[in-house]
Amino acid sequence: MSRLAIRGVGKVFPGVRRDAPPTQALQPVSLDIADNDFIAVLGPSGCGKSTLLRLVAGLEEPSSGEILLDDAPIRGPGADRGVVFQSYTLFPWLTVRENICFGLREKRTPRSEQRETSDRFIARMGLRGFEDHYPKQLSGGMQQRVAIARALANDPKILLLDEPFGALDNQTRLLMQELLLGIWEQARKTVLFVTHDIDEAIFMANRVVVFSARPGRIKAEVPTELPHPRPYTIKTSPEFMALKARLTEEIRIEALAAQR
Ligand SMILES: Nc1ncnc2c1ncn2[C@@H]1O[C@H](COP(=O)(O)OP(=O)(O)O)[C@@H](O)[C@H]1O
Ligand SMILES: [Mg+2]
């Protein structure tokens, strides 16, 4: 079981200088994510998406409310949550395999099991032949595949992704979406995926949570209800187009509000 309950969670950052006003990054939000669900958080830049994800990751403390993972309050970072950020966060001094095994080594998993697990993810993520490469020897797309493999190898309860494909070129990005969705369709992890890309949110998630402009609050929750498996061609289906039209309108209003 991997159920996430976000209960009235808000975040206020203190001003950078003593005389600067505090920043309310997130208004209290409540969100329930069921076991094996794939939720996308969609919203304009600066609305608090990353803040929400960092709170769930335990990298920030909420100013109000609480976050429960399987009924246990989150008090800090933990191996039960796998996190992937937009910018490449691999350990530059470790090889692809060593990066993927990082969490397993921390947990003192037997060597043979580390090997088996890393082999599985190296194959799944199309990284064969690059096991001994260092991150700087890889393309951006490959680095993110390693980052996802590293997160999944730990077998976390929930996968937290913060615009993981945001720095990739469009073609690579589309392939990465298919890869991650394929993994979810096989392995059914609980996923919280942050993005500002409408197509990406609809294509991948089962429910799209639209955030308002800063300070973020939940403006709409839109179930996508597209069947699985989802081929990339679904992006041109009438159902997809209708969802896109609706979400585009919601986001446009918020982007306009954010400009003011
Ligand atoms: N550590 C921090 N200290 C002060 N302000 C912050 C901090 N982190 C984020 N913020 C502010 O909180 C707001 C939301 O940021 P963020 O969660 O990164 O938005 P998003 O990911 O949706 O673009 C922004 O105004 C940002 O400047
Ligand atoms: Mg962000």
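Residues numbered from 1 in each chain as written. Chains lettered and ligands numbered in written order. Predicted model: local features only at pLDDT ≥ 70, side-chain atom pairs only at ≥ 80, totals over all residues. Heavy atoms only, no water.

**Thoughts on the domain arrangement of the protein**
Phase 1: You can read the domains of the protein as domain 1 (4-80 + 157-259) and domain 2 (87-155).
Phase 2: Look at where the C-alpha atoms of domain 1 and domain 2 centre, and you get two points 25 Å apart.
Phase 3: Each side of the interface is counted separately: domain 1 has 15 residues, and domain 2 has 12 residues.
Phase 4: Interface area, domain 1 with domain 2, both sides summed: about 1,100 Å², of which 70% is carbon and sulfur.
Phase 5: Seen at the junction of domain 1 and domain 2, the total is one salt bridge.
Phase 6: Residue K189 is joined to D155 by a salt bridge in which the shortest nitrogen-to-oxygen separation is 2.8 Å.
Phase 7: If you look at where domain 1 meets domain 2, you find three residue pairs in polar contact (both at pLDDT 80 or more).
Phase 8: At seven residues, the largest contribution of residues to the side of domain 1 that touches domain 2 is made by helix α6 (residues 170-187).
Phase 9: Residue composition of the side of domain 1 that touches domain 2, by class: 10 nonpolar, three polar and two charged. (Domains from an automatic or database assignment. Contact = heavy atoms within 4.5 Å. Buried area = accessible area lost by both parts, 1.4 Å probe. Salt bridge = Lys/Arg side-chain N within 4 Å of Asp/Glu carboxyl O. Polar contact = N/O pair within 3.5 Å; in protein donor to acceptor, adjacent residues only side chain to side chain. Helix = DSSP H or I, 4+ residues; strand = E, 2+ residues; numbered from the N terminus. Nonpolar A, V, L, I, M, F, W, Y, C, P; charged D, E, K, R; others polar.)

**Things to note about the site of ligand 1**
Phase 1: Neighbouring ligand 1 are F13, A25, P44, S45, G46, C47, G48, K49, S50, T51 and R214.
Phase 2: At 2.9 Å, a side-chain N or O of K49 approaches an oxygen atom of ligand 1.
Phase 3: In the model, an oxygen atom of ligand 1 is placed 2.8 Å from a nitrogen or oxygen of the S50 side chain.
Phase 4: Relative to its free-state accessible area of 560 Å², ligand 1 is covered by the protein chains to the extent of 65%.
Phase 5: Looking at the shell around ligand 1, the element that brings in the most residues is helix α1 (residues 49-57), giving three residues.
Phase 6: Considered class by class, the residues forming the shell around ligand 1 number four nonpolar, five polar and two charged. (Near = heavy atom within 4 Å. Areas by Shrake-Rupley, 256 points an atom, 1.4 Å probe, with all protein chains shown as cover.)

**Some words on α6**
Phase 1: Here α6 spans 26 Å end to end across 18 residues, near enough to the 26 Å set by a 1.5 Å rise per residue.
Phase 2: Inspection of α6 places R173, M176, Q177, L179, L180, L181, G182, I183 and W184 among the buried residues, and these make up the whole buried set.
Phase 3: Summarising the contacts, the buried residues of α6 are in contact with β3 (38-42), α4 (111-124), α5 (140-153), β7 (158-162), β8 (190-195) and α7 (198-204).
Phase 4: Of the residues one or two after α6, R188 is the one with positive phi, at around 45°. (Expected span 1.5 Å × (residues − 1). Buried < 20%, exposed > 50% of the residue type's maximum accessible area, 1.4 Å probe, protein only.)

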